[in-house]
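# Summary of structural features
Each chain, letter by letter, is given below.
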Amino acid sequence: MYAPRQGGFSIATSSYPFDGQATTETDFSRLFRELQDSGIAGTATGLDLKVAADASGMKVSIQPGFALVRGHAFLSTAVEVLPVAAADTAARTDRVVLRLNPTANNITLAVLKGAPGGSAPALTQTDTDLFEISLGLIAVSASASNIALSAVTDDRSFLGTRVGTWTSSTRPASARVGKLGLNRTTSKWEYWDGAAWTDLAPIVSWTSVTNKPSTFPPSAHSHTVDYNDVVNKPGSFPPSGHSHSFWSLTDIPREYTPAGHTHWWDQIQGKPGQFPPTDHGHGQYLEWWGTINRANGSDRPHSNTPAGSNWYAVWVDGNHNFCRNTSSIRFKENVRDVAIAPTDVLALRPRVYDRKPTVNDEGEQVEGRKDEYGLIAEEVAKTLPEIVVHDEEGRIDSVRYDLLGVALLPVVQEQARRLAALERRIEELGRDR
């Protein structure tokens, strides 16, 4: 309010509050906001005016508490429940606020709806009209039907605390987190961290520093000191082991005639990863892929000079190993006769055919032999399966021609018996005449 006129002039000054003087809401608001900021009167770890949800619907609850908003007091003594607007098809963020309305003479709790797909609504903070402080943020999912506890973010700000002075025995008994003061016993500034009084600016010794490096390599730098200023420098500098790039050398010759020398294989650079063989031969050495062809038979030269007096027929087993074909009884057991029907042997049909083309080691196609005489293994298998050979996959592969002569013996023997019988019959007929 204005002071009375003095000397006929009106002085636009005021002072308050005093006895017998009307002090307005505006006056008290201006006074109290200078004494304390707007915020929650409580500790940051407490529940004062904290926003929460429990997924029971589109709503949130606010715990009891006390707050100051631009010099005005707000007190809630019970849990308040506020509705949250229905969810949109896109997610949004709502904000829970304490709203000072000087025109309505009140401070109320409210939920500000955010724009779908946007950020939380901004706070309204004017000096003479509406003034809002934030309590919490609500993440409203698209088409949600309830607000979960995890959807609420604490957004409260708290009142500051006055700076005090005390001794170690007269500290505040129930200090708020962040309470700051000068301890005259220790001559140190300290604050309450919620569990203990902590030194605000502790004296740090080198041994108490954690995670410090064990060495400090110098970074790139230079010295502008004259060489003569350097102390304890050596009188001479014998060169240590080092190297020079070729192009830093002077008076180098233009060419270097190599002396007799050798190189290790590992020292050779740019060598190929593989070496395709040129045309060559292996003489009398027998190698599987170069000398044996499953379709065309052996390509081993037949002009080898015989040695020794004994020659043997050989077999090739399924693993492509050669073995001698033996017939002596000393290599056999469980010997018994076998009955072979002559009709089965006489059913065999000699054929003439051409071999299919094959591919050699160099990947070139080679024509097969023409007009080759022999038997068809599949046809032989119908009457004499005993002399048919199957490959590793069970397919019919070849005919044991060495056993074909054994199969022919019963036919020859049967023919011999018939001839002998006919001769006896002719002799008997001759005597009867």
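Above this note sits the structure.
The structure reproduced in this document is the subject of the present report.

What counts, and where the lines are drawn
- For every chain, the first residue of the written sequence is number 1, and numbering continues from 1 onward in sequence order.
- Local features in this predicted model are restricted to residues of pLDDT 70 or higher, and side-chain atom pairs are both shown and tallied only at a pLDDT of 80 or more, whereas totals for entire chains, interfaces and linings draw on every residue.
- Each side-chain value is worked out from all heavy atoms of the structure, with water and hydrogens disregarded.
- Strands here mean DSSP runs of E at least two residues long; helices mean DSSP runs of H or I at least four residues long; both are numbered from the N terminus.
- Two residues form a contact once any of their heavy atoms are found within 4.5 Å.
- Working definition of accessibility: Shrake-Rupley area with a 1.4 Å probe, residue cover restricted to the visible protein chains.
- Any Lys or Arg side-chain nitrogen located within 4 Å of an Asp or Glu carboxyl oxygen qualifies as a salt bridge.
- When a residue's accessible area, from a 1.4 Å probe over protein chains only, is under 20% of the maximum for its type it is buried; when over 50% it is exposed; and in between it is partly exposed.
- Two strands qualify as a pair provided that DSSP identifies no fewer than 2 bridges between them.
- Think of a polar contact as two N or O atoms within 3.5 Å of one another; within protein, one of them needs to be a possible hydrogen donor and the other a possible acceptor, and neighboring residues in sequence only count if both atoms come from side chains.
- Residues grouped as a nonpolar core are buried Ala, Val, Leu, Ile, Met, Phe, Trp, Tyr and Cys residues, joined through side-chain atoms within 4.5 Å.
- Here an axis means a line fitted to C-alpha atoms, over the contact stretch when the element is a helix, while the angle between two N-to-C directions is reported on a 0 to 180 degree scale.
- In this analysis, rings of Phe, Tyr and Trp, with Trp reduced to its six-membered ring, are considered paired at centre separations within 6.5 Å, and the interplanar angle assigns stacked below 30 degrees, edge-to-face beyond 60, and tilted for intermediate values.
- Comment: the charge-over-ring label is applied if NZ (Lys) or CZ (Arg) is within 6 Å of the ring centre and within 35 degrees of the ring normal.

A count of helical and extended segments in the chain gives five helices and 24 strands. Look at the contacts in the chain between residues 6 or more apart in sequence, and 46% of them connect residues 24 or more apart. Surface summary for the chain: the accessible area is close to 33,000 Å², and the carbon and sulfur share equals 54%.

As a further point, take the pattern of salt bridges. In the structure shown here, the tally under the stated rule is 18 salt bridges. Across the pair Asp94 and Arg92 runs a salt bridge, and its minimum N-O distance is 2.8 Å. Comparing Asp94 with Arg92, the two get one shared label, buried. Measuring nitrogen to oxygen at the nearest pair gives 3.7 Å for the salt bridge that ties Lys188 to Asp199. Of the two residues, Lys188 sits in strand β13 (residues 188–192) while Asp199 sits in strand β14 (residues 197–199), which places them 11 residues apart along the sequence. Take Lys188: its relative accessible area is 36%, and that puts it in the partly exposed class. For Asp199, a relative accessible area of 23% translates into the label partly exposed. The structure contains a network of salt bridges with shared partners spanning Asp88, Arg92, Asp94 and Lys113.

This brings us to the sheet that holds strand β2 (residues 51–52). With respect to topology, three strands assemble into an open sheet ordered β2-β3-β6, the strand pairing being antiparallel. The sheet is open, and its two edges are formed by β2 and β6 (80–83), each paired on a single side. For strand β3 (residues 59–62) and β6, the ladder comprises four bridges, and the chain directions are antiparallel. Looking across to β6, one finds that Lys59 is bridged to Pro83.

Okay, the environment of Arg400 next. Note that Arg400 resides in the loop between β24 (396–399) and α5 (401–432). Expressed as a C-alpha distance, the spacing of Arg400 and Val388, which sit 12 residues apart in the sequence, is 6.1 Å. When sequence neighbours within four positions are dropped, the list of residues in contact with Arg400 reads Trp315, Ile387 and Val389. A polar side-chain atom of Arg400 sits 2.9 Å from a polar atom in the side chain of Asp402.

Turning next to unusual backbone geometry. Despite not being glycine, Ser143 shows a phi value in the positive range, around 60°. Summarising the element assignment, Ser143 is placed in the loop between β9 (131–140) and β10 (152–154). Backbone geometry places Asp371, a non-glycine residue, at a positive phi of 50°. Within the element layout of this structure, Asp371 appears in the loop between β21 (365–366) and β22 (372–374). Owing to a relative accessible area of 56%, Asp371 belongs among the exposed residues under this scheme.

Now for the pairing of strand β4 (residues 65–69). Of all five residues in β4, four are buried, a share of seventy percent or more. Here strand β1 (residues 39–40) runs beside β4; their pairing, made up of two bridges, is antiparallel. Looking at the pairing, Gly39 lines up with Leu68 of β4. Across five bridges, the pairing between β4 and strand β5 (residues 72–76) is antiparallel.

The next point concerns the environment of Leu159. Along the polypeptide, Leu159 turns up in the loop between β10 and β11 (164–166). The buried category is assigned to Leu159, whose relative accessible area is 10%. For the pair Leu159 and Gly39, spaced 120 residues apart in sequence, the C-alpha separation works out to 4.8 Å. Look past the residues within four positions of Leu159 in its chain and what remains in contact with it is Gln36, Asp37, Ser38, Gly39, Ile40, Ala41 and Leu68.

This paragraph deals with the nonpolar core. Inside soluble globular proteins, nonpolar side chains tend to come together where they are buried. The biggest cluster of nonpolar side chains holds 25 residues, and the ones touching the most others in it are Leu49, Val60, Ile62, Val96, Leu98, Leu135 and Ile147. When residues in this core are grouped by element, the largest group, five residues, is from β9. Not counting residues within four places of it along the chain, the set of residues in contact with Val96 comprises Val51, Val60, Ile62, Leu82, Ala110, Val111, Ile133, Ser134, Leu135, Gly136 and Ile138. In this structure, Val345, Leu348, Leu375 and Val388 belong to the second largest nonpolar core, which totals 12 residues.

Strand order in the open sheet made by the four strands is β8-β7-β9-β10, with antiparallel pairing throughout. Looking at which strands have only one partner, the edges of the open sheet turn out to be β8 (106–112) and β10. On average, each strand axis in the sheet is inclined to that of its neighbour by 20°, with strand direction left out of account. Across three bridges, the pairing between β9 and β10 is antiparallel. Across the sheet, residue Gly136 finds its bridge partner in β10, namely Asp154.

Let us look at the packing of aromatic side chains. Applying the stated rule across the entire model yields four aromatic pairs. Plain terms: the ring middles of Trp206 and Phe216 are 6.2 Å apart, the flat faces sit at 45° to each other, and that makes the pair tilted. Of the two residues, Trp206 sits in the loop between β14 and α2 (288–291) while Phe216 sits in the loop between β14 and α2, which places them 10 residues apart along the sequence. Pair check on accessibility: Trp206 and Phe216 agree, each one exposed. An angle of 50° between the planes, with centres 6.3 Å apart, marks the rings of Trp265 and Phe275 as tilted. With a gap of 10 residues between them, Trp265 in the loop between β14 and α2 and Phe275 in the loop between β14 and α2 connect regions that are remote in the sequence. Taking NZ or CZ as reference, Lys212 lies 5.3 Å from the ring centre of Trp206, over its face.

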